Amino acid sequence: MSHDELRRTVADLHAELVHYGLVAWTAGNVSARVPGADLIVIKPSGVSYGDLTPQSMVVCDLDGDVVEGDLTPSSDTAAHAFVYRAMPEVGGVVHTHSTYATAWAARGEPIPCVLTAMADEFGGEIPIGPFALIGGDDIGKGIVQTLTGHRSPAVLMRNHGVFTIGRDARAAVKAAVMCEDVARTVHVARTLGEPLPIATKDVDALYRRYQNDYGQR
Ligand SMILES: [Zn+2]
């Protein structure tokens with residue numbers, strides 16, 4: 001995929017954040033690694049989702065410095081860039097403050113794996129990352145430390161919101177959509193009583209099947 005195609009893909013994926021109700025105003029962003037290059041494509045800072053175009057996307061290096069583009073990149077660029085530097089298998093990163101998932105983050109509580117859909121996509125609980133201030137590497141470090149060796153492609157950064165990773169940007173967006181969906185369902189379940197846990201061996205079996213056999217081959 002060329003730079004230009006990737007700019008379009010990343011611009012278009014922001015519409016999915018709006019479609020699924022994951023963002024208010026401009027508070028959410030998508031980035032993608034440029035295949036075969038130490039570059040990423042990311043949202044410009046403070047631009048409304050309806051105004052995003054392929055041309056307005058910003059290309060940065062893995063230190064978060066602008067390589068191409070007229071606009072300032074997302075204020076979360078340092079966090080995205082840290083993840084790409086530390087996790088070579090990651091091709092896409094998404095950040096949102098989606099309501100239900102961020103409500104779990106505000107309480108610092110991981111979302112327990114009590115739904116088969118959670119076992120499928122996350123392979124267990126959705127973990128909590130540390131509290132970290134924006135700017136510098138602290139958020140990126142917290143994401144990487146929490147997700148390294150964890151099956152979950154989503155982390156709830158404490159008092160802040162959701163970061164997700166994927167093999168590409170679309171997979172990271174899917175993880176952000178699913179994270180909010182299960183955060184809402186488990187919250188509703190909690191208000192009705194105590195959700196039932198799923199046995200670890202069943203979580204493992206569900207995760208294996210979904211990751212290997214689900215969908216079109
Ligand atoms: Zn944020």
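Structure: above.
So, here's what we can say about the structure. (Residues numbered from 1 in each chain as written. Predicted model: local features only at pLDDT ≥ 70, side-chain atom pairs only at ≥ 80, totals over all residues. Heavy atoms only, no water.)

1. Considerations on the overall build of the protein
Selection rule: A helix here means a DSSP run of H or I that spans at least four residues, while a strand means a run of E at least two residues long, and both kinds are numbered starting from the N terminus. Atoms counted for the radius of gyration: C-alpha only. Globule rule: 2.2 Å times residue count to the power 0.38. Only protein chains enter the accessibility calculation, which uses a 1.4 Å probe; a residue whose area is less than 20% of its type maximum is buried, one above 50% is exposed, and one in between is partly exposed. In this analysis, two residues are considered to be in contact whenever any of their non-hydrogen atoms come within 4.5 Å of each other.
The helix and strand inventory of the protein stands at 7 helices and 8 strands. The C-alpha atoms of the protein give 17 Å as radius of gyration, which agrees with the globular expectation for 217 residues (17 Å, within 12%). Counting only C-alpha atoms and orienting by the principal axes, one finds that the protein spans roughly 50 × 35 × 30 Å. Counting across all 217 residues of the protein, residues that qualify as buried make up 50%. Here the contacts in the protein between residues at least 6 apart in sequence split such that 63% fall between residues at least 24 apart.

2. Section: the pairing of strand S2 (residues 39-42)
How we decide: One bridge is not enough; two strands pair if DSSP finds at least two bridges between them.
Side chains Leu39 and Val41 of S2 all project onto a buried face; the interleaved residues Ile40 and Ile42 project onto the opposite face, where all are buried too. As defined by bridge partners, strand S1 (residues 28-33) adjoins S2 across 3 bridges and the pair is classed as antiparallel. Directly across from Ala32, in S2, lies its bridge partner Val41. The antiparallel hairpin formed by S1 and S2 contains 5 residues in its connecting segment, where Gly36 sits at a positive phi of about 75°. Looking at chain direction, S2 and strand S3 (residues 58-61) are connected through 4 bridges and run antiparallel. Bridging from a neighbouring strand, Ile42 pairs with Val58 of S3.

3. Quick word on the pattern of salt bridges
Definition in use: The term salt bridge refers to a side-chain nitrogen of Lys or Arg lying within 4 Å of a carboxyl oxygen of Asp or Glu.
Using the criterion set out here, one finds 9 salt bridges in the structure. In this structure, Arg7 and Glu68 form a salt bridge, with 2.8 Å as the shortest nitrogen-oxygen distance. Here the residue Arg7 occupies a position in helix H1 (residues 3-19), and Glu68 occupies one in strand S4 (residues 66-68), the gap between them amounting to 61 residues. For Asp120, the salt bridge goes to Arg209, with nearest N and O atoms at 3.9 Å.

4. Focus on the coordination of the zinc ion
Defined as follows: Only N, O and S atoms count as donors, using a 2.8 Å limit from the metal and a wider 3.2 Å limit for Na, K and Ca, and since water is excluded some coordination spheres may look unfilled.
Protein coordination at the zinc ion: the donors are His95 (NE2), His97 (NE2) and His160 (NE2), at 2.0 to 2.1 Å from the metal. Donor residues for the zinc ion, ordered by position in the chain, follow H-x1-H-x62-H. Within this pair, whereas His95 is found in strand S5 (residues 92-96), its partner His160 is found in the loop between strand S7 (154-157) and strand S8 (161-166), the two being separated by 65 residues in sequence. With respect to burial, His95 and His160 carry one shared label: buried.

5. Quick look at the side chain of Glu121
Stated formally: We define a polar contact as two N or O atoms separated by no more than 3.5 Å, with the added condition that, inside protein, one atom must be a possible hydrogen donor and the other a possible acceptor, whereas residues neighbouring each other in sequence contribute only through side-chain atom pairs.
Mapped onto the secondary structure, Glu121 falls in helix H4 (residues 116-122). Accessibility expressed as a relative area gives 9% for Glu121, which makes it buried. Polar contacts involving the side chain of Glu121 include one to the side chain of Lys174, which spans 3.2 Å. If we ignore the near neighbours within four places in the chain, the residues touching Glu121 are Pro153, Lys174, Ala175, Met178, Tyr207, Tyr210 and Gln211.

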